[in-house]
Structure formats: structure tokens, C-alpha cells
Amino acid sequence: MQFDESIIRNVVAQVLAEVGNAPPATSGFTGRYGIFDCADEAVRAAREAFEKLSERTIEDRKRIIDHIRRISIDQKVELGTMEMNETKIGRLAHKIEKLELLGRKTPGVEFLRSEVYSGDHGLAVIEHAPFGVIGCITPVTHSLPTITGNAVNMIAGGNTLVVNPHPSGKKVAAEGVRRFNKAIYDDLGIDNLICVVAEPTLESADLIFHHRDVAMICVTGGPAVARAALNSGKKAVVAGPGNPPVVVDETADLDRAARCIIQGGAYDNNLLCISEKEVFVVNSVFDEMMRAMERAGAVRLNGSEIDRLTSVAITEYGDPGKKKQVAAKEFIGQDAAVLARAAGKNISSDVELVFGETDEHNPFVPVEQMMPFIPFVRCHDVDEAIEKARYYEHGFRHTAIIHSNNVRNMTKMGRMMDTTLFVKNGPCASALGVGGEGYISFSIATPTGEGVTTPLTFTRERRCSLIDDLCILGHPAKG
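Residues numbered from 1 in each chain as written. Predicted model: local features only at pLDDT ≥ 70, side-chain atom pairs only at ≥ 80, totals over all residues. Heavy atoms only, no water.

Chemist: I'd like a description of helix α6 (residues 143–156), backed by residues and values.
Modeler: Helix length check: α6 (14 residues) gives 20 Å between terminal C-alpha atoms against 20 Å at 1.5 Å per residue, within 8%. Burial within α6 is extensive, with 14 of its 14 residues counted as buried. Among the residues trailing α6, Gly158 stands out with phi positive, at a value near 95°. (Helix = DSSP H or I, 4+ residues; strand = E, 2+ residues; numbered from the N terminus. Expected span 1.5 Å × (residues − 1). Buried < 20%, exposed > 50% of the residue type's maximum accessible area, 1.4 Å probe, protein only.)

Given below as C-alpha cells:
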């Protein structure tokens, strides 16, 4: 039997045309607004969203980010209150303020840049491309603010993200993500740019770490989660622990130093990883520094009160012979008045910080306590103060602070500490552009070295070269 090849070609062409005109198959993820019970589904939805985002313009990314910014700012009171009610740590005013700060000051698409090299042999353009789906672990200390900052940074770079939030902040994480995604979908028709595991577990975190469609990991947490991320076999951006020390030398403006220490150390009840945790003061100004703290509104605890607080606010965990001192969970992020009561002292609920003199061996000095009690340690001179600061920062290379009008002392400490953030004569948050210059992110990658993350942190460098053309200056190279 003979077949007319032209008829066959026409039939095939018609079938292909019909397939091409058919609506694209859908996975059923649209309309979920980023909320998933299954981590695998969350990753697959984020992968589909990435493919769609890859077809959009930089201007579309900006529109997407503008929705995240708007919701974070306009709905800060409702969402901040929701986070406070769920986590029960920190201070409500600061929960609200953090959402506004992340919404306003997190860098977006304006941070992207290209580099061009033009010469005798043509043109090379270096651009920054997305990784794809980024797996994120976020902390209870700043659940939705961390997601907000990460989402702005990562989507600006062209990525999508899957979040395994801390279980104690999972509800506000899911609600914030739902609102972000719905606004984006209603405007641009893309859903699930940010996906969250509604019931996060260690198993869901492990699945995200090792999922084939997750191209990169970004985690904020303690040593265990940092190790897990670094062992995932993927590129990891790790925001690790900190124990930021403060040095006050004999040249410092003591009243200013006191105000700054209270502003930073009391912020959100000391939950920030960059917050002032312990202060080393030279002996010649130590007593006056303590009086300056009281003038600035902090309440001083005496030795017996500090002992009582230490006995209940610092605990131990681990196997016998390997126990570590850590902050007691029931005191983390609680108000200064709660700490004072535990110490046997009644103070006003308006007091933001309690403090007192200890020696360097008090557990509040080496432990990242995350509560608004600051120990002050008397030192012979600035060299001893800087050395103790270096020792008790534990080599995290996170944050260090000095109050001084001696440039050489600032320089000496900066060189010795080698921290990611080094603040002179200001509160800790000034290093993130809050009362100082720069930009903000709550993912500060110290172990892996990226520092305060930006959209460029979450991109791959790609180079495109054109040989011997489009260089319009001078003459082409010969040979």
C-alpha cells in the first residue's frame, strides 16, 4: 500500500499545531499560595515557579518585591503581633519595627550589576544569574522578618525559595508567605515563588537539604543546623551563632556608650545575633561607666542578685562529661522585669535592660544568652579588654563593638577581632544601616564568609565573550 508523504507531513504538522496551541498542563500547585504539608511538593512547586520567573523581566521581579515590601510595611502591626503571640519572646514594638525595616531597607533588584571588559580582542560581559530553588531554614527569633529579607534578596536574584521555619514560628511564617504569594499571583499570575512547609520537622529540613531540585541552601541557626547545611553537598550560605563583645576604653563618651549598649542589647530583648552580649571596661572608667548605665535607664543588679539570676537563667545540656552551658529556654527573649524577678528584684516593666558587674568566668560572659542582662567585666587596660573580647567572641567572627575616641585602639581591636561586623561608637544595629550607613539583612553569613547577604549572594557569575568585535575604540588586534 502506498502513502502520499505530503499527506503524512500535513497530518503531523496539524497535530503539532494543535499540541502547541493547547493550554499548558498544570500541576495543581496554583492556588496553594506557597503553603505545603509535604516538603517534596513544596520544592516541586518552587521549581515550577522558578521556571516561570525565568521568563519574566527584571522589572517584573521589582513588581514582585514591591508586593513583599508593601505587605511587610502596611501589615506590620498585625503580622508583628501574630509573631509575638506565637513565639512569646522579644518585644512587640520591635517585632513590628523589624518587619518595616526589612520591608524598606533590604536590597532588591537595584543591587544587581553587570561588569564589562572592552579591549583589543572584543567584549566580555559578566552578569549574575540565579541558582534556582534555594532551601532556607529560618529561626524562631525572627521568623517572618528573616523570610521577608531572604525573599527580597533571593527573588531579586531570580530565584525562588522553600522555607523550613522554626516550629515555634511556623504559623506566622505560613501566614506571611500566603499573603505575599497571593498578592504576587493576583498581579503577575505566578504562584509559589516562596514556599513554606506548614509543619516543619527535622525530616522535612533534611529532605530540602538533599532534594535534587534544590540548588542552594541558606540557613540561620546554631552549630548543628550549620553543620547539616555544610554537609548537604550543595553551596551553603550559613548565618551562624555570635557572642558580640563590647570594649569601652578610657577615652570613650561614657553616656553615649551607655545609651548605645542599652539600645542594642535590649532590642527585642537581645534576640539579635549582633546584639551586645558582654562588656569589657577599662578599670579607670569602670565605676563611672556603671553610673552612666543607670543614668541611661538600665537597672543594676548586685552580686547576690546576679548569682540568683545565673542559677536559673543559664543551664546545661549534653551527655555527662560533655555538658555545655546554654541559655535556659524559659528566659530567652523575656523582658528585663522577668529577669529581675528571677534575681529577687522588682523593677518597672518599662525598664529595657538589667546589668551588673561579673568576673569573666560568669556564664553570662561566654554564653550567647539572648536575654536583656548584660555582664560588665573590669579590665586593667584596653589591651586586656580587647584580648578578653577576642577570647569570648569564640572565633565566630560575627560582631564586635568598641566605644573609644582613640583611633589606634579602634584599629587594634578591628585587626584582632577580624569580625564580619565591627562597630565603633554606635549600637550594634547601626552596622545594618539602622542609624548607620549600609543595608540590612537578617541572614549574616559568618561561617561561610558572605557577610550581610544581598541579591548578589544568591547568584552565579556568568561571562559572555564576543571575540574581536564590538570594541569600537582603537584598532582591532592583528593575528
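Chemist: Residues and numbers for helix α11 (residues 283–295), please.
Modeler: In an α-helix, one turn spans 3.6 residues; hence positions three or four apart end up facing the same way. Across its 13 residues, α11 extends 19 Å between first and last C-alpha, which sits within 8% of the 18 Å expected from 1.5 Å per residue. Among the residues making up α11, those that are buried are Val285, Phe286, Met289, Met290, Ala292 and Met293. Structurally, α11 contributes buried residues whose contacts are with β9 (245–248), α10 (254–265), β10 (278–282), β11 (299–300), β14 (354–357) and β15 (373–379). A positive phi of about 110° marks Gly297, the residue just after α11. (Contact = heavy atoms within 4.5 Å.)

Chemist: Account for the packing of aromatic side chains, with residues named and values stated.
Modeler: Under the defined criterion, the tally for this structure stands at seven aromatic pairs. For the pair Phe111 and Tyr439, a centre-to-centre distance of 5.2 Å together with 70° between the ring planes defines the contact as edge-to-face. Note that Phe111 is positioned in the loop between α5 (92–105) and β2 (115–119) and Tyr439 in the loop between β17 (421–424) and β18 (444–445), a separation of 328 residues in sequence. Judged by relative accessible area, which is 29%, Tyr439 ranks as partly exposed. Measuring from ring centre to ring centre gives 6.2 Å for Phe280 and Tyr392, while their planes differ by 20°; the resulting arrangement is stacked. (Phe/Tyr/Trp six-rings, centres within 6.5 Å; stacked < 30°, edge-to-face > 60°.)

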